[in-house]
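Residue strings, one per chain:
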Amino acid sequence: MGSAEPRRLAALGGKPAFDAPLYVARSLAPDSERFGASIQQILASRWFTNNGMYAQELERRLEQRLGVGFCLLFCNATVALQVALRALDLSGEVITTPFTFPATVHAVQWNGLRPVFCDIDPETYTLDPVHAAKLITPDTSALLPVHVFGNPCHVSEIEKLALDRQLRVIYDAAHCFDVQTLDRPIGAWGDLSVLSFHATKLFHTAEGGAIVGSDPALRERIARLRNFGIVDEETVDGVGLNGKISEIHAAIGLALIDRIDGEIEARGALTERYRRGLSEVTGVVFQKLAPATRQNHGYFSIEIDEQSFGLSRNEVHDALRAENVITRKYFYPLCSENPSYRVLPSAQPSRLPAAHRLAERILCLPLFGELPTEDVDCIVERIARIQSEAGAVRRALRQA
Ligand code: T4K
């Protein structure tokens, strides 16, 4: 538990602000009675997977909640991304961002497609549509932008670009549960969107993910690809894989879905508190949020501007770690720095200046609904103090 009392920084020999590590995320846990009853039912039915009743019910609930034509559940978002790309029969090059989790780019490569890295908008952190337009060649078949930290991409510009140049659009919406932008649910933009329901996400099924979209023919194709390509007991069509979600995972989702409004509200209040407190701290910069958007507050990130803060992002990360505040450098290193992709011409750092700059500055702070307000205040106070004692902190960290 943190204390708002000013005290010596841990990096300078003081006692850590928190007695135990405070992590960047903390999963919502289903109510044990409700979840226990579901488990009992699953055990009694002996039906554990293969599109069981829990998976079907969760798909229906999510279609309603997310305002999409269809929602097909998966074992995780990585496999869902692989299937989404396969379902669209793409070939050649797919333009994507280096500022993302490795899964995004790996899904392109696993499909035998060539990832082409596009720089990001330095303020919103999402794919820069102007740079993307310059990267399109006759070999380009799709765009794979990422709604980073739940902040929607420049969806209107991307839609226009895709229409003009006849490209498919798959959004990596891993962070984007329940977001709406420009009067549309996030899953209604692009051909397909992929959500992650990993335990670290706002809404989760421990492991899980989904493809959402509107075209019934695509829905059918994706459902088959998710289940080995099986059409019926005697027909297998296409190169499918096993992307199914189990009944136990779906039951976690059903036990949590009604709590998400409260979770979003609690995170929204904590985000507001972080922003208010940290806006007073020199050298802290916030992500620019998309206009006309209902955010989900899945993550809270800051940038550390070394020159004005007086310390680098890595130094702030280490000074907070000494306080038992475990921040994360999502998404450092950039995907374009992975040895498997570094050789690509589009991966050259000189072509991705905004992404490289951000990867050196970004820091995600703890955010989850159960996080006490006073802990947020304590983290804000520690960051402010680390900044005001930057010189001493740098010397101490270098000696350590
Ligand atoms: N696209 C994007 C843009 C993504 O960000 C991701 C995943 C994907 C695609 C692929 O989605 P999935 O295939 O995973 O569905 C985590 C997650 O594993 C990963 O899903 C997520 N993005 C990424 C941003 O974060 P790590 O390696 O940072 O997780 P880890 O284990 O360090 O956990 C972070 C903190 O969360 C822990 O310090 C404590 C807390 N935690 C963690 C776990 C595992 C919990 O409270 N409960 C838990 O069960 O990758």
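On a predicted model such as this, the values are computed, not experimentally measured, just so you know.

1. Considerations on a nonpolar patch on the surface
Here is step 1 of the chain: Together, Leu43, Phe48 and Ile248 line one region of the surface with nonpolar side chains, adding up to about 230 Å² of accessible area.
Here is step 2 of the chain: Counting through the fold element by element, phenylalanine 48 comes out in the loop between helix H1 (32–45) and helix H2 (53–66).

2. Side note on the sheet that holds strand S14 (residues 300–304)
Here is step 1 of the chain: Spatially, 3 strands are ordered S12-S14-S15 in an open sheet, and the strand pairing comes out antiparallel. Two strands bound the open sheet, and with one partner strand each, they are strand S12 (284–286) and strand S15 (362–365). Between one strand axis and the next, the sheet turns through 40° on average, direction left out of account.
Here is step 2 of the chain: Bridge count for S14 against S15 is 4 bridges, and the pairing is antiparallel. Bridging across to S15, serine 301 finds its partner in cysteine 364.
Here is step 3 of the chain: Sheet strands in contact with helix H9 (residues 260–278) are S12, S14 and S15, and its direction is about 20° off that of S14.
Here is step 4 of the chain: With respect to the sheet, helix H11 (residues 313–322) is in contact with S14 and S15, its orientation differing from that of S15 by roughly 25°.

3. Points about the domain arrangement of the protein
Here is step 1 of the chain: On domain assignment, one finds that the protein holds domain 1 (10–26 + 259–399) and domain 2 (32–258).
Here is step 2 of the chain: Measuring from the centre of the C-alpha atoms in domain 1 to the corresponding centre in domain 2 gives 27 Å.
Here is step 3 of the chain: In this assembly, 40 residues from domain 1 lie in contact with 41 residues from domain 2.
Here is step 4 of the chain: A combined buried area of about 3,700 Å² lies between domain 1 and domain 2, and 60% of that area is made up of carbon and sulfur atoms.
Here is step 5 of the chain: Ranking the residues of domain 1 by area buried against domain 2 places Arg294, Tyr299 and Phe331 at the top, with a combined share of 20%.

4. A few points about the packing of H9 against helix H13 (residues 373–388)
Here is step 1 of the chain: Between H9 and H13, whose axes approach to 10 Å, the crossing angle comes to 25°. In terms of orientation, H9 and H13 fall into the roughly parallel class. The element H9 and its partner H13 pack so that their crossing is right-handed. For the pair H9 and H13, the contacting residues are Leu270, Arg273, Tyr274, Gly277 and Leu278 in the first and Thr373, Val376, Asp377, Ile379, Val380 and Ile383 in the second.
Here is step 2 of the chain: Each residue belonging to the contact of H9 with H13 can be placed in one class, and the counts come to 7 nonpolar, 2 polar and 2 charged.

5. Thoughts on the site of the ligand
Here is step 1 of the chain: Around the ligand sit 25 residues, and of these Thr78, Asp172, His175, Arg328 and Tyr330 come closest.
Here is step 2 of the chain: A distance of 3.0 Å separates an oxygen atom of the ligand from a polar atom in the backbone of alanine 77.
Here is step 3 of the chain: Breaking the shell around the ligand down by element, the ones donating at least two residues are helix H3 (77–87) and helix H4 (102–110).
Here is step 4 of the chain: Counting contributing residues per domain, the shell around the ligand is built from domain 1 (10–26 + 259–399) and domain 2 (32–258), each supplying no fewer than three.

6. Description of the packing of aromatic side chains
Here is step 1 of the chain: Under the criterion given, the structure shown has 14 aromatic pairs.
Here is step 2 of the chain: Centroid distance phenylalanine 99 to tyrosine 125: 6.1 Å. Interplanar angle 70°. Geometry classified as edge-to-face. Within this pair, whereas phenylalanine 99 is found in the loop between strand S2 (93–96) and H4, its partner tyrosine 125 is found in the loop between strand S3 (114–117) and helix H5 (129–135), the two being separated by 26 residues in sequence.
Here is step 3 of the chain: The class of phenylalanine 99 is buried, set by a relative accessible area of 0%.
Here is step 4 of the chain: Judged by its relative accessible area of 0%, tyrosine 125 falls in the buried class.
Here is step 5 of the chain: Members of the aromatic cluster, joined through ring pairs, are Phe99, Tyr125, Phe149, Tyr299, Tyr330 and Phe331.
Here is step 6 of the chain: Its guanidinium or amino end placed over the ring of tryptophan 189, arginine 184 lies 3.5 Å from that ring's centre, counting from NZ or CZ.
Here is step 7 of the chain: Its end group placed over the ring of phenylalanine 74, arginine 226 keeps NZ or CZ at 5.9 Å from the ring centre.

7. What about the pattern of salt bridges?
Here is step 1 of the chain: What the rule picks out here adds up to 26 salt bridges.
Here is step 2 of the chain: Of the charged contacts in the structure, one is a salt bridge between arginine 294 and aspartate 178, with a shortest N-O distance of 3.2 Å. Of the two residues, arginine 294 is situated in strand S13 (residues 293–294) and aspartate 178 in the loop between strand S5 (168–172) and strand S6 (180–181); the sequence distance between them amounts to 116 residues.
Here is step 3 of the chain: In the salt-bridge network here, residues are joined through shared partners; they are Arg65, Asp178, Asp261 and Arg294.

8. Structural notes on the nonpolar core
As a rule of thumb, soluble globular proteins bury nonpolar side chains together.
Here is step 1 of the chain: Of all hydrophobic cores here, the largest spans 34 residues; its most connected members are Tyr274, Leu278, Ile302, Phe309 and Ile383.
Here is step 2 of the chain: If you list the elements that add at least two residues to this core, you get H9, S14, H11, S15, H13 and helix H14 (390–399).
Here is step 3 of the chain: Take this core: its biggest share by element is 6 residues, from H13.
Here is step 4 of the chain: Tyr54, Val68, Ala173 and Leu256 belong to the second largest nonpolar core, which has 31 residues in total.

9. Section: the side chain of serine 312
Here is step 1 of the chain: Among the secondary structure elements, serine 312 is positioned in the loop between helix H10 (306–309) and H11.
Here is step 2 of the chain: Since its relative accessible area comes to 16%, serine 312 is described here as buried.
Here is step 3 of the chain: Beyond its immediate sequence surroundings of up to four residues, serine 312 is in contact with Ile304, Glu306 and Arg394.

10. Considerations on the environment of alanine 142
Here is step 1 of the chain: Relative to the helices and strands, alanine 142 resides in strand S4 (residues 140–144).
Here is step 2 of the chain: Considered as a pair, alanine 142 and isoleucine 170 are 28 residues apart in the sequence and their alpha carbons are 7.5 Å apart.

Rules used in this analysis
Residues numbered from 1 in each chain as written. Predicted model: local features only at pLDDT ≥ 70, side-chain atom pairs only at ≥ 80, totals over all residues. Heavy atoms only, no water. Patch = residues over 30% accessible without salt bridge, like charges linked within 9 Å, V, L, I, M, F, W, Y side chains within 5 Å. Areas by Shrake-Rupley, 256 points an atom, 1.4 Å probe, with all protein chains shown as cover. Salt bridge = Lys/Arg side-chain N within 4 Å of Asp/Glu carboxyl O. Helix = DSSP H or I, 4+ residues; strand = E, 2+ residues; numbered from the N terminus. Pairing = 2+ DSSP bridges. Axes fitted to C-alpha atoms, helices over the stretch in contact; angles between N-to-C directions. Contact = heavy atoms within 4.5 Å. Domains from an automatic or database assignment. Buried area = accessible area lost by both parts, 1.4 Å probe. Parallel < 35°, antiparallel > 145°, perpendicular 65-115°, else oblique. Left-handed = near helix turned anticlockwise from the far one by under 90°. Nonpolar A, V, L, I, M, F, W, Y, C, P; charged D, E, K, R; others polar. Near = heavy atom within 4 Å. Polar contact = N/O pair within 3.5 Å; in protein donor to acceptor, adjacent residues only side chain to side chain. Phe/Tyr/Trp six-rings, centres within 6.5 Å; stacked < 30°, edge-to-face > 60°. Buried < 20%, exposed > 50% of the residue type's maximum accessible area, 1.4 Å probe, protein only. Lys NZ or Arg CZ within 6 Å of the ring centre and 35° of its normal. Core = buried A, V, L, I, M, F, W, Y, C linked by side-chain atoms within 4.5 Å.

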